[in-house]
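Residue-level structure breakdown
Read off the chains here:
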Amino acid sequence: MEGTVFAPALEGMKYVKSEQGEILSKPFLDVCKHILPVIEKFGAAMTLVKSDIGGNISRLESKYSSNPTKFNCLYSLVQVEVETKTAKSSSSCTNGLLWLTRAMDFLVALFRNLIEHADWSMSQACTDSYNKTLKKWHGWLASSSFTVAMKLAPDRKKFMEVIQGGGDINADIEQFCITFSPFLEENHKFLARFGLDDMKAS
């Protein structure tokens, strides 16, 4: 494959929004899926994040597949749950979208750190982005297992070589962060309208 591991996600982001400017379920979830191979390259350090993201994508996808027309737009998955008052259930799509968005916030912050702080070690970059994004939503248990996992972060130089492929990795990472962040902000704003943006992990 030509280009960096980010190439499929960068391509996919062109289709996330409908002509009316709504975030579409399948293209959004596909972009998140395209990031899983990047996370895989982190090895053991990201096992938690990867299974979390993968699980939330599957949950949202199976709901979408149950009625692709009805759930064509991402927020329709939440709207149904808000109306039936099931949005706050731990197995809800709302919860899935919230945690998927938070995990992606973490990754965007991490990728930004890798471009902006060339002198940081990988675990430094991981810990800083964790503290900025996920930490306040995690309970003690999740937080401590995360801290342990970050110690397993791969060597930064090797990691960058692996994800580089045949492209300009810094340019691709930057492009990914710039293009993807507004989708995440929109998700938070939407969830916040229903008071659903501040649910914590048990």
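Everything numeric in this text was worked out from a predicted model, so none of it was measured. (Residues numbered from 1 in each chain as written. Predicted model: local features only at pLDDT ≥ 70, side-chain atom pairs only at ≥ 80, totals over all residues. Heavy atoms only, no water.)

**Quick look at the UniProt feature "domain: Glycolipid transfer protein" (unreviewed entry) in the chain**
On the UniProt side, "domain: Glycolipid transfer protein" (unreviewed entry) is annotated at positions that read residues 25-164 here. Secondary structure content for residues 25-164 is 72% helix and 0% strand, while the C-alpha to C-alpha distance between its ends is 28 Å. (UniProt positions renumbered as here; feature names shortened; annotations may be inferred. Helix = DSSP H or I, 4+ residues; strand = E, 2+ residues; numbered from the N terminus.)

**Some thoughts on the packing of helix H5 (residues 93-116) against helix H6 (residues 122-132)**
At their nearest, the axes of H5 and H6 sit 8 Å apart, and the two run at 140° to each other. As judged from the angle between their axes, H5 and H6 are oblique. Every pair of crossing elements has a handedness; the one defined by H5 and H6 is right-handed. Only Met122, Ala125, Cys126, Asp128, Ser129, Tyr130 and Lys132 of H6 make contact with H5, whose side of the interface consists of Phe106, Ala109, Leu110, Asn113 and Leu114. (Axes fitted to C-alpha atoms, helices over the stretch in contact; angles between N-to-C directions. Parallel < 35°, antiparallel > 145°, perpendicular 65-115°, else oblique. Left-handed = near helix turned anticlockwise from the far one by under 90°. Contact = heavy atoms within 4.5 Å.)

**Observations regarding the nonpolar core**
Among the nonpolar cores identified, the biggest contains 67 residues, and Phe6, Phe28, Ile53, Phe106, Phe176 and Phe180 are the most heavily contacted of them. Considering every element that reaches this core, the biggest residue donor is H5, with 13 residues. Leave out the neighbours within four places in its chain, and Phe28 touches Val16, Ile23, Leu74, Leu97, Leu100, Phe180, Phe183, Leu184 and Asn187. (Core = buried A, V, L, I, M, F, W, Y, C linked by side-chain atoms within 4.5 Å. Buried < 20%, exposed > 50% of the residue type's maximum accessible area, 1.4 Å probe, protein only.)

**Quick look at H5**
Over its 24 residues, H5 runs 34 Å from end to end, which matches the ideal 34 Å to within 8%, given 1.5 Å per residue. Burial analysis of H5 places 20 of its 24 residues in the buried class, the great majority of the element. (Expected span 1.5 Å × (residues − 1).)

**A look at the packing of aromatic side chains**
The tally for this structure, following the rule as stated, stands at 11 aromatic pairs. Relative to Phe190, the ring of Tyr75 lies with its centre 4.0 Å away and its plane at 5°, an arrangement referred to as stacked. Here Phe190 lies in helix H9 (residues 169-193) and Tyr75 lies in helix H4 (residues 74-83), a separation of 115 residues in the sequence. As far as the burial class goes, Tyr75 and Phe190 line up, both buried. Ring geometry for Phe111 and Phe176: centres 6.0 Å apart, planes at 75°, overall edge-to-face. With a gap of 65 residues between them, Phe111 in helix H5 and Phe176 in helix H9 connect regions that are remote in the sequence. Its relative accessible area of 0% is what places Phe111 among the buried residues. By relative accessible area, which is 1% here, Phe176 ends up buried. (Phe/Tyr/Trp six-rings, centres within 6.5 Å; stacked < 30°, edge-to-face > 60°.)

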